[in-house]
Structure formats: structure tokens, C-alpha cells
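Fold and contact review
The lines below spell out each chain.
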Amino acid sequence: MEQKVTTLVEFFSDNTIDNVLGAFAFLPQSLIFIIDSGRHEPEIQATLMALKRRLPNIQTDFYRARDSRMESIREALETLYRDHPDCVFDFTGGSEPMLLAAYSFAFRNDAPMLHINMESHTLINIHKCEHLAKNFSFPQLRLEDHLNMNGAFLAGYGYRVPGEQWSGRIRAFCRLVLEDQHKWKEQCLFLQMAAARTRDLTVDTALELRTADGVPVKGDGSYLTRLAQTGMLEEIRLEDDRVCFRFPEADIKHCLCDSGVWLELYTYLLLRESGRFSDVRLSVRIGWGQAKDQAAGTAYNEIDIIACAGITPLFISCKSGLPSPSSMNEILVYARKFGGARAKAAMVTSAEISNGFVGLRKRASDLGTVIVDESDIKEDLAQGMLLYMLDAKA
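Keep in mind it's a predicted model, so treat the numbers as computed, not measured. (Residues numbered from 1 in each chain as written. Predicted model: local features only at pLDDT ≥ 70, side-chain atom pairs only at ≥ 80, totals over all residues. Heavy atoms only, no water.)

1. Comments concerning the packing of aromatic side chains
Under the definition given, this model contains 15 aromatic pairs. Centre to centre, the rings of phenylalanine 11 and phenylalanine 91 are 5.1 Å apart; their planes meet at 50°, and the pair counts as tilted. In this pair, phenylalanine 11 is assigned in strand S1 (residues 7-11) and phenylalanine 91 in the loop between strand S4 (87-90) and helix H4 (96-108), connecting sequence segments 80 residues apart. Here the two residues phenylalanine 11 and phenylalanine 91 agree in accessibility, since each one is buried. Where phenylalanine 91 meets tyrosine 103, the ring centres are 6.4 Å apart and the plane angle is 75°; that geometry is what we call edge-to-face. (Phe/Tyr/Trp six-rings, centres within 6.5 Å; stacked < 30°, edge-to-face > 60°. Helix = DSSP H or I, 4+ residues; strand = E, 2+ residues; numbered from the N terminus. Buried < 20%, exposed > 50% of the residue type's maximum accessible area, 1.4 Å probe, protein only.)

And the structure:
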């Protein structure tokens, strides 16, 4: 006979993931929290925010102990069990006094008990949860889950990711950029100026343009032709000192008019194609608090890439120049703030660290991050380094 969870009891934790993981796994009709004394309002609001988005129909209730003494916790448990005799106790989170009091109480009442092991992604049957353990499937969290659990929300994206059909062409484009990054930056400036002179996707312009200060910006017909060969430009024609071409779509136009976007796209594809992540997002804008409370003009934090594997989010900052120790610390702070205690952070730079400051790698290791540089990308080491970061022990 299949075992289902109608009412799940959680022992409230300030680590919000402890409060919601069981509900995400078992989809109970009711989720009941035992709370000891103390102030937990921010964590309560974050917990409810995460539950409401993912399980909008779940019923929640709170039973608060008068203080942290075992006697007070037992009284709260007795009231809860009288109201919900069909409950299952989840020992995944909670303070030691709560867990000790609850185990004694549940054992005396022959109540089902379980624990979710977050390291092994398994369910431990403490008592009368054999079928739940046998059929257990560890929940996969998405970006919105992590943000909501940490008192934030998804505010949007800095730009749209080109569709999956563009993946091959984007990889070819990134390989071209890696051949000569200085050349790419020159031609990107030309593309920016040429695109600014047209209202649609078709460009017909001289191969030499000038900035407002009169500085010449030259298009390289050979390079633009190679760019078209990757599929990122279409209908290219060169005649004397003019060039005509078409951006295939608006999203590709944006990618070609920003000299650093290629690195984000390259890293995004590496993560998505690794098969390790259930959710990979690019150019993520994060708002604090709740969306309904935000006013126009509210400042947001923007993260280049966030990838989620199981219950672990990986925050990545992409830099076209050498990152500084402060920028490494910044991505780690954002990871902890918006991803929780299990979040990881990494940096990807298109610069060559050996030509700058080799101590950066040691500094990154000290901060709990990893840096992927130009050589790592060219030698196809980048994906392995990022996955190693994902698996590294905190």
C-alpha cells in the first residue's frame, strides 16, 4: 500500500531550506511548524514566500512553545498531536531541545518519523516510514525557490538568452572571439556604431565610421565575413569601402553589440550542457523583499549566471578583465545572501591570470571561490573546474 503524507510536521529552523524541503518532497495537504521561543519573523516570511510560490494550495499552521524548555515544547507537541493525529514528523531541521523533545514524544505515540539527508540526497526512515524511504525522490530546487527562501525574488533579466537553436552558432562565435580578443573588441565597437545608425536589423554602412570626437572606427571585412560564417550575421556583402549585413534577430544583435556578453554565453552553455544542473539562468536581476512592495526605480542586484543542482545554487561572475579581490568577495557575499549557506560561487575571466596577478587564484581559494581564466577556457578545463567547485565541500 502506497504511503502518503497528509500532514507533515517540521521543527522550525532559521535555515529556511530545512523548513520547506520536506514539503517539496512529499506535497502534503498540511504543513505544521513547531516554533520555540525567539524572534523568527524574517525566516517565517521567507518560508511562507517559498511555499506559496511552489505549493500555492498547501495549508500551513504554527504551534509556538512558550519558551525553549523541554516541558514547553512537549506541551506544544501535545496540542499539535491532538489536532493532527495523522501527522508525520520530519527531523530534518530544528534546535536540539525541539528534536529531543519531539523524538521522545513521537516514540511514545508510535508516530511516523523521518529525516532527509541533504548530503546523500536520501531519506532516512526513523520509524514507520519504510514506503516513503523506498519511493523517495530528492527535490530539485529552481532559482525562484532559492531566492524566495532567502527573502528575495526574481526581478527579471538583463537581456534575453537566444533560443537553443543558436547554441552551435554561439559556440562557433565564442571560438572566433578567443582567437583574438583585442580584434573582437575593435569589431564589436564597429558593430555597435553601425547598429546605432539603423532602426531595424539590416545594416548598410561604410567600413570606416567616426566617433563624436572624430576618432575613426574601422570595420574589418575579413573578420565580419568570418563572423557571418559562424551564423551570427546574415546576408553579408562587401563592396569597395562599404558593408551590408543583417542581424538574424534582436537577441543576437544585442550579443554582438556588447563585447563581454560572449563570455557569459560561453559559460552558460558549458553549465547547461554538463547535465549537472536542473536550472541555469543568465543575466539574473534579483530584488530584495517581496515584489509587491517594490516601487518603480528600486535598485536590484544583477548576477551574470546562476545554476541550480539539487539544493545547491552556483553563482558565477563573468569578467572581461582581471577580477579584483573585492569583486571575488562580492560574488561570494551575493551567493550567501541570495542562495543560502549551501550556495557556491565562482568567477570566469577572459583575461590571463598569469599575465597579471597570479596570487588571485590563492586569494580565490581562501575566499571559497575558484577562478577560470583564458587559458582554462582555451584548454577546455573550464567546465571541469566549475563542476569541481560545485562538488567541493564548504
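2. Quick notes on the pairing of strand S13 (residues 279-288)
Burial analysis of S13 places eight of its ten residues in the buried class, which makes it a mostly covered element. Note: strand S7 (residues 152-157) against S13, five bridges, orientation antiparallel. Bridged to phenylalanine 153 within S13 is glycine 287. Where S13 lies against strand S14 (residues 301-309), seven bridges are found, and the strand directions are antiparallel. Along S14, the bridge assignment pairs valine 284 with isoleucine 303. (Pairing = 2+ DSSP bridges.)

3. With respect to the sheet that holds strand S8 (residues 202-206)
Taken in spatial order, the three strands line up as S8-S12-S11 in an open sheet, and their pairing is antiparallel. In this open sheet, the two edge strands, each paired with only one partner strand, are S8 and strand S11 (234-239). The average undirected angle you get between the axes of adjacent strands in this sheet is 5°. Where S11 meets strand S12 (residues 242-246), four bridges bridge the pair, whose relative direction is antiparallel. (Axes fitted to C-alpha atoms, helices over the stretch in contact; angles between N-to-C directions.)

4. Description of H4
Taking 1.5 Å of rise per residue, the 13 residues of H4 would be expected to cover 18 Å, and the 18 Å separating its terminal C-alpha atoms lies within 8% of that figure. Those residues of H4 that fall on the buried side of the exposure criterion are Met98, Ala101, Ala102, Phe105 and Ala106. Within H4, the buried residues cover an arc of 125° as seen down the axis, which keeps them to one side. Residues of H4 that are exposed and angled more than 90 degrees away from the buried face: Glu96, Leu100, Phe107 and Arg108. Against the buried residues of H4 lie S1, strand S2 (30-35), helix H3 (70-83), S4 and strand S5 (113-117). Trailing H4 by a residue or two, aspartate 110 shows a phi angle of about 55°, which is positive. (Expected span 1.5 Å × (residues − 1). Arc of directions from axis to C-beta. Contact = heavy atoms within 4.5 Å.)

5. Brief notes about unusual backbone geometry
We note that leucine 27 has phi near 50°; this positive angle belongs to a residue other than glycine. If you trace the backbone, leucine 27 turns up in the loop between helix H1 (16-26) and S2. The phi torsion at histidine 121 lies on the positive side, around 60°, for a residue other than glycine. Turning to its location among the elements, histidine 121 is positioned in the loop between S5 and strand S6 (122-127).

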